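As a plain string of letters, each chain reads:
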Amino acid sequence: MAVLQIRQYGDPVLRAKCKRVSRLDRSLRALVDDMIETMHEANGVGLAAPQVGVPVRLFVAEVPADHEDDPFAGQTFVLFNPEIVKVSDEYYPEEGCLSIPGWVANVKRYEHCTIKGRDMTWKEVRIRASGLLAQAFQHETEHLDGVLFVDHVRPEDLRPTKREEQSEEVAVAAS
Ligand code: ZN
């Protein structure tokens, strides 16, 4: 397993229309392992294959175990060829992206969604998710069509993350 380099905003692979996966092979299994490790290392809730430079329809997602109100907290999802098949209850949660570090915005999402795709055993699965996991499913599925969260908002709606503000203060204090 290895931590992969996360591609950053401006990298053309983030705008790729990703290819469907027709079968699971050893290199894809290794990619999944590396993507999970990379997501954990970056403290991300999800990571799509194009974010590590591979334009195929695959993402991993995991809501941290301390989100106790989420029945799927701490569970790692791996989905190939994912499709959102049902949504309900529009809302505007705060959102960021590992490929656009330091920035967040409130993005129109659905609080509940049902997603279908294939799992690591190549079984077709349907998952009904809510809250943060549903948001991650929507965000990661969009990555596979080259869509980023910033495409949903105006530039002036983007805000620096608190962590970024703090580190800037530290940098100012240290300089
Ligand atoms: Zn993202």
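Scroll up a little and you will see the structure.
Cut-offs and rules
- Residues numbered from 1 in each chain as written.
- Predicted model: local features only at pLDDT ≥ 70, side-chain atom pairs only at ≥ 80, totals over all residues.
- Heavy atoms only, no water.
- Pairing = 2+ DSSP bridges.
- Helix = DSSP H or I, 4+ residues; strand = E, 2+ residues; numbered from the N terminus.
- Axes fitted to C-alpha atoms, helices over the stretch in contact; angles between N-to-C directions.
- Contact = heavy atoms within 4.5 Å.
- Core = buried A, V, L, I, M, F, W, Y, C linked by side-chain atoms within 4.5 Å.
- Buried < 20%, exposed > 50% of the residue type's maximum accessible area, 1.4 Å probe, protein only.
- Phe/Tyr/Trp six-rings, centres within 6.5 Å; stacked < 30°, edge-to-face > 60°.

Draft legend 1. The sheet that holds strand 2 (residues 58–61), seen in detail. Read from one edge of the open sheet, five strands run 1-2-3-6-7, paired in antiparallel fashion. Only two strands of the sheet have a single partner each, and these edge strands are strand 1 (46–48) and strand 7 (124–130). If you compare each strand with its neighbour and ignore which way they point, the axes differ by 30° on average. Relative to strand 7, strand 6 (residues 109–118) is paired through seven bridges, and the arrangement is antiparallel. Counted as the bridge partner of G117 is V125 from strand 7. The sheet contacts of helix 2 (residues 131–143) involve strand 1, strand 2, strand 3 (77–91), strand 6 and strand 7, and relative to strand 6 the element is tilted by about 60°.

Draft legend 2. Here's a closer look at the nonpolar core. Counting 17 residues, the largest nonpolar core has V32, M35, L47, L58, V60, V78 and F80 as its most contacted members. Taken together, the elements giving at least two residues each to this core come down to helix 1 (26–41), strand 2 and strand 3. Per-element accounting of this core gives the leading share, six residues, to helix 1. Of all hydrophobic cores here, the second largest spans 16 residues; its members include C18, L79, I127 and L144.

Draft legend 3. Highlighting the packing of aromatic side chains. For the structure shown, the criterion picks out four aromatic pairs. Measuring from centroid to centroid gives 5.3 Å for F72 and F77, while their planes differ by 85°, and the two rings are edge-to-face. On the basis of relative accessible area, F72 is assigned to the partly exposed category, the value being 23%. Overall, F77 belongs to the buried group, its relative accessible area being 6%.

Don't take any of this as a statement about function, it's just geometry.
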